[in-house]
Number of protein chains: 2
Amino acid sequence: MDKDITIYDIARELDLSPTTVSRALNDHPAVNKNTKQKICDVAVQMGYRSNIFASNLRKQRTHTIGVIVPRLNSPFMSSVMAGMEKEANNADYNLIITQSLETMQKEITNARTMFDSRVDGLLVSLAYETDNIEHFQPFISKGTPVIFYDRVIEHNQCTSIVIDNLQAAYKATSHLAKQGCKRIVHITADQKRNVYADRLKGYKYALIDNNLPFDESFVLITNLSEEAGVEAAQQILQMDPRPDGIFASNDTAAVSCMKELQKAGILIPDDMAVVGFNNDPVSRVIEPNLTTVNYPGYEMGEVAVRSLIHHLNGLSDIIITNTITLRSELIIRGSSLRSKIE
Amino acid sequence: MDKDITIYDIARELDLSPTTVSRALNDHPAVNKNTKQKICDVAVQMGYRSNIFASNLRKQRTHTIGVIVPRLNSPFMSSVMAGMEKEANNADYNLIITQSLETMQKEITNARTMFDSRVDGLLVSLAYETDNIEHFQPFISKGTPVIFYDRVIEHNQCTSIVIDNLQAAYKATSHLAKQGCKRIVHITADQKRNVYADRLKGYKYALIDNNLPFDESFVLITNLSEEAGVEAAQQILQMDPRPDGIFASNDTAAVSCMKELQKAGILIPDDMAVVGFNNDPVSRVIEPNLTTVNYPGYEMGEVAVRSLIHHLNGLSDIIITNTITLRSELIIRGSSLRSKIE
DNA sequence: CTTGTTGTTGCAATCGGTTGCAATATAAAA
DNA sequence: TTTTATATTGCAACCGATTGCAACAACAAG
């Protein structure tokens, strides 16, 4: 077990003061070039490593970003994390990641942990359950920037990073209408979350603009799990007259629903056209391939971290930047394409 | 921007010494119950939060675990991360996560970052490229435990957490043989990594035990990506006589290969039986469903963190525990099941 | 020869908890 | 009443780096 080398050891070795050593290692201009070189050499040679804690303690800055995510193990969220990690790593920031597992309780605990860890900034995607964000107030009060991504909430001190969910849903639904669907079901989740609320709106507007009636019973609120997709399929099979189109808020539910319908003999896309959301790998595996909305998760992760660091460096004022919207697009595949028209 | 409250503030408020406050907040036995209660109350009321850096600096312990992972965005790895996060969170440890992106260079940099961050322990799954592990030596020398998971390497000071890859591959290949396959192709990756080397061994042994010849040209070394699966399919279609079974080292490649073969008119499982590895969601989406090895990623993450913490608490000696092997199992589905026999 | 400027370096305090040891009070045993 | 054990509390040093301010040297300008 080697003993740790400190700047004091280096100072003693070279008969200098710790002050000068510290300055040299931080490339401070007021240190003689030769001295600096000598110090750096000895530091390397002695196997010195800076003590981040001493430094953090003194500087009151941690170079750490906290991330709160509903669940790590979804294709979408893991892409986001991958993008975040890449950017953070590039900028020499550490990432502390915690999951809320969709409960508000955990989210509060996580926020507390992040606060105690004194992260320089916080990136949050809200849990299904969360219905207020008081637990982020301590950050705001302390001037620690909080950025929401994907599952966001309006707050006049925080930036949000999103895609245009309303527009994406509008396009998806319109596409179904243009394919001749008259009775389009929308499978989605709790309306507390912006993403689902906005998509419902987009769905509604598209119906209106395509002269289709809106029917409350055609909106299925679920947890968007695989099982939820199966249940949705069973409900849809019960409906009379039977729907002829489905717009689901994620690919997992869309795919499992589709499979269940196929099992019941429904033909896709002819009896039923289906559109999902996210562009998960499964969407390119199911037959026919699933039409879906490409959600740029990796880019969202990158942008989130980049904006945060930008702000931390004082290069932008977070209060002015209210919302950053990323581009998404409808990818049309076999599950909804009835004709070569359009 | 609120000012931070310190134990000195609390001490002054209650006319006590910082020592007593510190002890009270750490639930030290040598503090009077009433005093303790009073201190805790005031702490809460004043909005005190402990300064982790001061504490870490003094205690030389960070309560942080470092994780190095090849890529975050794969279904398997994100499950592992989810399991790790859950356990770490339960035990009040933070997780710092970095990706090597399969390069040794990044892995070295990441290791260095972790070292500078003074993580209490390190969890590593090796990059494709890595061919020596000198970069973990500083941890070993300092007595910081390093645990490898999934992509491991033999080291007499480190525990490894794995599944029995050899056996899993053996079972997968034997299963194909029992289904009547005579010419089984193995799609896998660089043999530097234990997982792929062991699976190749299992594949070989199974061939031998089933009286099938081993043919070097039937082993396709790829990066196991979606594209690699397609290319593998094209190669397979060129082979004459044509193979009649495929054992792939992950589901992504297995699925894309399968789809490409189907596109060429090959019937699965009759012309070609296919087995994958990992039990990713796609394996239950493809038609016919993919036979695969269930790899308990989530559990592996849990076990890795639990073992590490166990060791950190001095409850186990890591040097004695060489390897922890988790149970995996072959899940037989339509892609390989030609008859109801077996 | 004095004053001013620039370049280098060090002193000493500070960040906020933690902990070995000593001090004091209180209770129990002799 | 004296001695011994036990319970509480505080002193002061320490963890390792950072930084405002002062000190000093070398040199140029006046």
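Residues numbered from 1 in each chain as written. Chains lettered and ligands numbered in written order. Predicted model: local features only at pLDDT ≥ 70, side-chain atom pairs only at ≥ 80, totals over all residues. Heavy atoms only, no water.

1. Let's talk about the overall build of chain A
The helix and strand inventory of chain A stands at 12 helices and 12 strands. By the compact-globule yardstick of 20 Å for 342 residues, chain A is too spread out, its C-alpha radius of gyration being 26 Å. Nonlocal contacts in chain A, meaning residues at least 24 apart in sequence, comprise 74% of its contacts between residues at least 6 apart. Carbon and sulfur atoms provide 49% of the accessible area of chain A, an area that totals close to 15,000 Å². Across chain A, the mean location of the 35 positive side-chain charges is 4 Å away from that of the 41 negative side-chain charges. (Helix = DSSP H or I, 4+ residues; strand = E, 2+ residues; numbered from the N terminus. Rg over C-alpha atoms; globule rule 2.2 N^0.38 Å. Contact = heavy atoms within 4.5 Å. Areas by Shrake-Rupley, 256 points an atom, 1.4 Å probe, with all protein chains shown as cover. Lys, Arg positive; Asp, Glu negative; His and termini not counted. Charge placed at Lys NZ, Arg CZ, Asp CG, Glu CD.)

2. Details of the relation of the copies chain B and chain A
Between the two copies of this chain, the relationship is a rotation about some axis together with a displacement along it. Mapping chain B onto chain A calls for a rotation angle of 180° and an axial translation of 0.1 Å; the resulting RMSD is 0.3 Å. In short, the pair behaves as if placed about a two-fold rotation axis. By residue overlap, the copies meet face to face through one surface: 98% of the interface positions of chain B are interface positions in chain A. (Least-squares fit on C-alpha atoms with pLDDT ≥ 70 in both.)

3. Focus: the protein's contact with DNA strand D
Contacts to DNA strand D come from 28 residues, most closely from A:Ile7, A:Tyr8, A:Tyr48, A:Arg58 and B:Thr20. In this structure, a phosphate oxygen belonging to DNA strand D sits 2.8 Å away from a side-chain N or O atom of A:Ser22. Contact between DNA strand D and A:Arg58: a base oxygen at 2.3 Å from a side-chain N or O atom of the residue. Breaking the surface near DNA strand D down by element, the ones donating at least two residues are α1 (7-14), α2 (18-25) and α4 (52-59) of chain A together with α2 (18-25) and α4 (52-59) of chain B. Looking at the surface near DNA strand D, the element that brings in the most residues is α4(A), giving 5 residues. Looking at the surface near DNA strand D residue by residue, the classes come out as 9 nonpolar, 13 polar and 6 charged. (Near = heavy atom within 4 Å. Polar contact = N/O pair within 3.5 Å; in protein donor to acceptor, adjacent residues only side chain to side chain. Nonpolar A, V, L, I, M, F, W, Y, C, P; charged D, E, K, R; others polar.)

4. Observations regarding the side chain of A:Asn56
By secondary structure assignment, the location of A:Asn56 is in helix α4. Other than its neighbours up to four places away in sequence, A:Asn56 contacts A:Arg61, A:Thr62 and B:Phe53.

5. Remarks on the environment of A:Ile96
Examined against the element boundaries, A:Ile96 turns out to sit in strand β2 (residues 94-99). Judged by relative accessible area, A:Ile96 falls into the buried class, the value being 7%. Separated by 26 residues in the primary sequence, A:Ile96 and A:Leu122 place their C-alpha atoms 9.6 Å from one another. Residues in contact with A:Ile96, not counting those within four places in the same chain, are A:Thr64, A:Ile65, A:Gly66, A:Val67, A:Met114, A:Ser117, B:Asn94, B:Leu95 and B:Ile96. (Buried < 20%, exposed > 50% of the residue type's maximum accessible area, 1.4 Å probe, protein only.)

6. Focus: the sheet that holds strand β8 (residues 245-248) of chain A
Residues and elements named next belong to chain A. Overall, parallel pairing links the 4 strands, which are arranged β7-β6-β8-β9 in an open sheet. Each edge of the open sheet is held by one strand with a lone partner, namely β7 (219-222) and β9 (273-275). Each strand axis lies, on average, 15° off the axis of its neighbour in the sheet, ignoring direction. Bridge count between strand β6 (residues 184-189) and β7: 4 bridges; the pairing is parallel. Residue pairing in the sheet places Ala-189 in a bridge with Thr-222 of β7. Strands in contact with helix α10 (residues 226-238) are β6, β7 and β8; relative to β7, the strand with the most contacts, it is inclined by about 150°. (Pairing = 2+ DSSP bridges. Axes fitted to C-alpha atoms, helices over the stretch in contact; angles between N-to-C directions.)

7. Describing the environment of A:Ile153
Residues and elements named next belong to chain A. With respect to the element layout, Ile-153 can be found in the loop between β4 (146-149) and β5 (159-163). By relative accessible area, which is 22% here, Ile-153 ends up partly exposed. Leave out the neighbours within four places in its chain, and Ile-153 touches Leu-126, Ile-133, Phe-148 and Ser-160.

8. Looking at the domain arrangement of chain A
One frequently used descriptor of interface size is the decrease in accessible area upon assembly of the parts. Domain assignment breaks chain A into domain 1 (7-50), domain 2 (64-163 + 297-327) and domain 3 (165-295). Measuring from the centre of the C-alpha atoms in domain 1 of chain A to the corresponding centre in domain 2 of chain A gives 37 Å. (Domains from an automatic or database assignment.)

9. A short note on the nonpolar core
Grouped together as the largest cluster of nonpolar side chains are 148 residues, with contacts concentrated most on A:Tyr149 and B:Tyr149. Counting residues in hydrophobic clusters, the runner-up holds 36 residues, among them A:Val124, A:Cys158, B:Met114 and B:Ile140. (Core = buried A, V, L, I, M, F, W, Y, C linked by side-chain atoms within 4.5 Å.)

10. Some details on the protein's contact with DNA strand C
In the vicinity of DNA strand C, 26 residues are found, and the nearest of them are A:Thr20, A:Arg58, B:Ile7, B:Tyr8 and B:Arg58. Per the 4 Å cut-off to the protein, sugar and phosphate atoms form 60% of the nearby atoms of DNA strand C. One nitrogen or oxygen atom from the main chain of A:Asn32 is found 3.0 Å from a phosphate oxygen belonging to DNA strand C. For the surface near DNA strand C, the secondary-structure elements that each account for two or more residues are α2 and α4 of chain A together with α1 (7-14), α2 and α4 of chain B. Top contributing element to the surface near DNA strand C by residue count: α4(B), with 4 residues. Looking at the surface near DNA strand C residue by residue, the class counts come to 8 nonpolar, 12 polar and 6 charged.

11. Things to note about α10(A)
All names here are of chain A. The first and last C-alpha atoms of α10 sit 19 Å apart over 13 residues, in line with the 18 Å expected at 1.5 Å per residue. Taken together, the buried positions of α10 are occupied by Ala-228, Gly-229, Ala-232, Ala-233 and Ile-236. The arc enclosing the buried residues of α10, seen along the axis, measures out at 145°, which places them on a common side. Facing away from the buried side of α10 by more than 90 degrees, the exposed set consists of Glu-227 and Gln-238. Buried positions along α10 lie against β6, β7, β8 and α11 (251-263). (Expected span 1.5 Å × (residues − 1). Arc of directions from axis to C-beta.)

12. A closer look at the pairing of strand β3 (residues 121-124) of chain B
All names here are of chain B. Here β3 shows two buried faces, one formed by Gly-121 and Leu-123 and the other by Leu-122 and Val-124. Bridge count between strand β1 (residues 64-69) and β3: 4 bridges; the pairing is parallel. Bridge pairing in β3 links Ile-68 to Val-124. When β3 meets strand β4 (residues 146-149), the two strands line up parallel, connected through 3 bridges. Paired with Val-124 across the bridge in β4 is Phe-148.

13. A short note on the pattern of salt bridges
Summed over the entire model, instances satisfying the criterion amount to 28 salt bridges over all chains. Across the pair A:Arg118 and B:Asp4 runs a salt bridge whose closest N-O atoms are separated by 3.1 Å. In this pair, A:Arg118 is assigned in the loop between α6 (104-116) and β3 (121-124) and B:Asp4 in the segment before α1, connecting two distinct chains. Between A:Arg306 and A:Glu302 there is a salt bridge; the shortest N-O distance is 3.8 Å. Note that A:Arg306 and A:Glu302 are positioned in helix α12 (residues 297-312) at a spacing of 4 residues, about one turn of the helix. Several salt bridges share partner residues, and in doing so they unite A:Asp4, A:Arg49, B:Arg118 and B:Lys142 into one network. (Salt bridge = Lys/Arg side-chain N within 4 Å of Asp/Glu carboxyl O.)

14. Quick notes on the interface of chain B and chain A
Between chain B and chain A, the contact holds 52 residues from the first and 51 residues from the second. Of the roughly 4,700 Å² buried between chain B and chain A, counting both surfaces, carbon and sulfur atoms make up 52%. Three residues stand out in chain B for area buried against chain A, namely B:Arg49, B:Phe53 and B:Arg118, and they jointly supply 18% of the buried area on that side. Where chain B packs against chain A, one counts 8 salt bridges. A salt bridge links B:Glu226 to A:Arg284; the shortest N-O distance between them is 2.7 Å. Our count for the contact surface shared by chain B and chain A stands at 24 residue pairs in polar contact (both at pLDDT 80 or more). (Buried area = accessible area lost by both parts, 1.4 Å probe.)

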